[in-house]
Structure formats: C-alpha cells, structure tokens
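Tertiary structure, described
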Amino acid sequence: MDFLHVHDLLIKKPNLLVSLLEMTELDTWHPDVCQIQTLKSYQSLNIENEEKIIHVTKGVLLQQVNNADICKISVNAIWSKDDVLFHNVFQQSQYEYLAIGDVEVAIFDARAVLNTLSKEPFFPDFLIEYNKRQQEEFFQFSYMLTKNIRERVLDVMKRFSKKHPDGYMVPKRVNSLLLSKCCQATPATIKKALIDLKHEKRIVKREQHLFIQE
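Now for a look at the structure at hand. In this convention, every chain numbers its residues from 1, walking through the sequence in written order. Thresholds applied to this predicted model are a pLDDT of at least 70 for local features of residues and 80 or more for the giving and counting of side-chain atom pairs; totals over whole chains, interfaces and linings are not thresholded and use all residues. No hydrogens and no water enter the side-chain calculation; it runs on all heavy atoms of the structure.

1. A word on the overall build of the protein chain
To qualify as a helix, a DSSP run of H or I must reach at least 4 residues; to qualify as a strand, a run of E must reach at least 2; elements of each kind are numbered from the N terminus. Scanning the protein chain for helices and strands turns up 7 helices and 10 strands. We call a residue buried when its accessible area falls under 20% of the maximum for its residue type, exposed when it is over 50%, and partly exposed in between, using a 1.4 Å probe and counting protein chains only. Evaluated residue by residue, the protein chain yields a buried proportion of 42% over its 214 residues. Here, two residues are considered to be in contact whenever any of their heavy atoms come within 4.5 Å of each other. Pairs at least 24 apart in sequence give 74% of the contacts found in the protein chain among residues at least 6 apart. Areas reported as accessible are Shrake-Rupley estimates using a 1.4 Å probe. Residue values count occlusion only from the protein chains shown. Roughly 12700 Å² of accessible area belongs to the protein chain as shown, and the carbon and sulfur atoms make up 51% of that amount.

2. Considering helix α5 (residues 149-160)
In this model, α5 (12 residues) spans 17 Å end to end at C-alpha, consistent with the 16 Å of a helix rising 1.5 Å per residue. Its side-chain oxygen at 3.1 Å from the backbone nitrogen of R150, N148 defines the N-terminal cap of α5. Expected span of a helix: the number of residues minus one, times 1.5 Å. Under this definition, polar contacts are N or O atom pairs within 3.5 Å; protein pairs additionally need one hydrogen-donor-capable and one acceptor-capable atom, and for neighbouring residues in sequence, both atoms have to be side-chain atoms.

3. What to know about the packing of aromatic side chains
Aromatic pairs are defined between Phe, Tyr and Trp rings, using the six-membered ring for Trp, whenever the two ring centres lie within 6.5 Å; interplanar angles under 30 degrees are classed as stacked, those over 60 as edge-to-face, and all others as tilted. A full pass over the atoms with the stated rule returns 0 aromatic pairs. Just above the ring of Y168 sits the side chain of K163; from NZ or CZ to the centre is 5.5 Å. Lysine and arginine charges are scored as sitting over a ring when NZ or CZ, respectively, is within 6 Å of the ring centre and within 35 degrees of the ring normal. We note R206 situated over the ring of F211; from NZ or CZ to the ring centre the distance is 5.7 Å.

4. Here we look at the side chain of S180
Counting through the fold element by element, S180 comes out in helix α6 (residues 176-183). A residue is classified by how much of its surface remains accessible, and S180, at 8% relative accessible area, is buried. Each residue touching S180, except ones within four places of it in the same chain, is listed here: A185, T186, P187 and I190.

5. Quick word on helix α7 (residues 187-199)
Counted at 1.5 Å a residue, the expected span for α7 with its 13 residues is 18 Å, and the 18 Å between its end C-alpha atoms agrees. Buried residues belonging to α7 abut α5, α6 and β9 (203-206). Downstream of α7 by one or two residues, K201 has phi in the positive range, about 65°.

Printed below as a string of structure tokens:
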C-alpha cells in the first residue's frame, strides 16, 4: 500500500486510523508523534496551520467555520468519542474547534503517521476492519431512523447536556442547526419537534436554561 492509497482510504474513512495505528510499530505516545490535550466546556482547541490528525478520545467537539467577513460562525461538523479528523492535511482549512462539555483529544503529527502507514503491508486487515465499521455504522444509523423525530432530538440533546437535579441542562449552543446535523432532519423539522416537546412539558425553561425532564 503506497502513500497515495493511504490518503485515499483515510479521506473516506478517517476513523479507521486508530485501528491502523495499532497494526504498526509507531510509538504513538512519543511527544514528537502525539500529544494529549484536555478542554473544559466551551474552551477552544487552538491549532496552528500545521498538518495534524485529531482523535477525540472523550466528549464532543464542534468543528466551526469562522466567516470574519460577515461576523458569523457556523457549525461544520460534530465529532464525538472515537472520531478522527484531519486538520490541514489534505487541504488547507480555517476550521476552529470548540468543546461541548469536558473533552480530551490526542493530536498526532500527520506527516509522521501517514509516512508510517504508507509503508505497512496491512491491506487485508484494513478491509476486514473497514467492513466491520461499515456494518456498525449502518446499524447505528438504521436504529436512529426507527425513532420518531422528537425521540431523536431528545437523545441528541441528552448527549450534549449535563445531568442536573432538575433533569438534563441543555447548553445554549445546542440549537436547531446543530440538532439537524445530528438527527438527519431539516432545521424546520427540528424547530417543530422542539415546539412539540415544550408543549408536552418534556422540555422546560428555567432561569434562561432549557431542561429535559426525566
């Protein structure tokens, strides 16, 4: 497997990187290869314009686009535990990252990792792992679609929220756009579901915060 094949495969399925690294002799705990960083809720992950691979080992990380020309920040992707993303590796990007809740990430030197992977003869093992993950993702997605939109919204909101005596306290940053990306629905559908959940008293507002009732 050469360098270009590694690139092509990992662009399509970046989460396979962790499994592939386990098949190599690369010392992923060496500080020149990987650094662990912890973030508090709403803390930004600051990365220079270097080639990095980010592995989310705990929590939820928002990938945002900061459009300074119109003073607007929009959510581009949502990454959670075991997700892997490439920063300035295959194309230049101006992404920013924000922690939702406590987050831990492993930040790899992309060039060291990809050069090592390109020299490893593990293509059969890769195919087995690829098929396994394809099946897992299919069943997860199919299971989510068996639920109605209100249940999907509640499930996702709980993932972002913290347990509280009054239920689950929902961060203000969890809005209809964010929920639409997670629930595979339009923002308009999400807004309708949120209105219904409030009417049903499954979501209530207390002291400027939304709470999901137990």
